[in-house]
Amino acid sequence: IVLEKLTKLMPLARPMKNYFISSGFGRRTDPLTRGLAVHHGLDFVGPNREKIISPSEGRVVLAGQFSGYGNAIVIDHGYGITTRYGHLSK
């Protein structure tokens, strides 16, 4: 039962209709510090005003300003899994 719940909560669906991945997991040059850092996520880039679609069941825990991300949405999917979308137009 727990595994069934977990598979429903894993954010595996597309977060936008149109996008590309500009940065993946792993070591990269940090865009703020310019030093090497580990990136723990995927960066999606979509057209201006592209709508964000929750990739799985979850609860919006933030919709507004988020430090370093400007307008942002943070979704808690449970079991310690969250998705964060920043640099949004509204």
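This structure is a prediction, so every number in the text was calculated from the model and none was measured.

1. A closer look at the overall build of the chain
A count of helices and strands for the chain gives one helix and seven strands. Helices and strands in the chain line up, N terminus first, as α-β-β-β-β-β-β-β. The dimensions of the chain, computed from C-alpha atoms along their principal axes, are 45 × 30 × 25 Å. For the chain, with 90 residues in total, the buried portion stands at 18%. Sequence-distant contacts in the chain: of pairs separated by 6 or more residues, those separated by 24 or more amount to 38%. Of the side chains in the chain, 12 bear a positive and 6 a negative charge, and the two mean positions are spaced by 6 Å.

2. A word on the confidence of the model for the chain
Predicted coordinates in areas of low pLDDT are best not read in detail. In this model, the chain carries a mean pLDDT of 89, and residues with pLDDT of at least 70 account for 100%. Here helix α1 (residues 2–9) stands out as the least confident element of the chain, with mean pLDDT 82; strand β5 (residues 59–66) is the most confident, with 95.

3. A word on the pattern of salt bridges
According to the stated counting rule, one finds one salt bridge in the structure shown. Put simply, Arg28 and Asp43 hold a salt bridge, and the shortest N to O gap is 3.1 Å. Placement of Arg28 in strand β2 (residues 26–29) and of Asp43 in strand β4 (residues 43–45) is noted, with a sequence separation of 15 residues between them. Asp43 sits in the partly exposed class, given a relative accessible area of 26%.

4. Some thoughts on unusual backbone geometry
Phi at Arg34 is positive, roughly 65 degrees, even though this residue is not glycine. Relative to the elements of secondary structure, Arg34 occurs in the loop between β2 and β3 (36–39). Of note, Tyr79 is a non-glycine position whose phi angle comes to about 55 degrees, a positive value. Mapped onto the elements, Tyr79 comes out in the loop between β6 (70–78) and β7 (81–88). Take Tyr79: its relative accessible area is 49%, and that puts it in the partly exposed class.

5. Observations concerning the packing of aromatic side chains
Within this structure, the stated rule accounts for two aromatic pairs. On the numbers, 5.2 Å between centres and 75 degrees between planes, the contact of Tyr19 with Phe44 is edge-to-face. Of this pair, Tyr19 sits in the loop between α1 and β1 (20–23) while Phe44 sits in strand β4; the two residues are 25 residues apart in sequence, bridging distant segments of the chain. The exposure class assigned to Tyr19 is partly exposed, which follows from its relative accessible area of 30%.

What counts and what doesn't
- Residues numbered from 1 in each chain as written.
- Predicted model: local features only at pLDDT ≥ 70, side-chain atom pairs only at ≥ 80, totals over all residues.
- Heavy atoms only, no water.
- Helix = DSSP H or I, 4+ residues; strand = E, 2+ residues; numbered from the N terminus.
- Buried < 20%, exposed > 50% of the residue type's maximum accessible area, 1.4 Å probe, protein only.
- Contact = heavy atoms within 4.5 Å.
- Lys, Arg positive; Asp, Glu negative; His and termini not counted.
- Charge placed at Lys NZ, Arg CZ, Asp CG, Glu CD.
- pLDDT = per-residue confidence, 0-100.
- Salt bridge = Lys/Arg side-chain N within 4 Å of Asp/Glu carboxyl O.
- Phe/Tyr/Trp six-rings, centres within 6.5 Å; stacked < 30°, edge-to-face > 60°.

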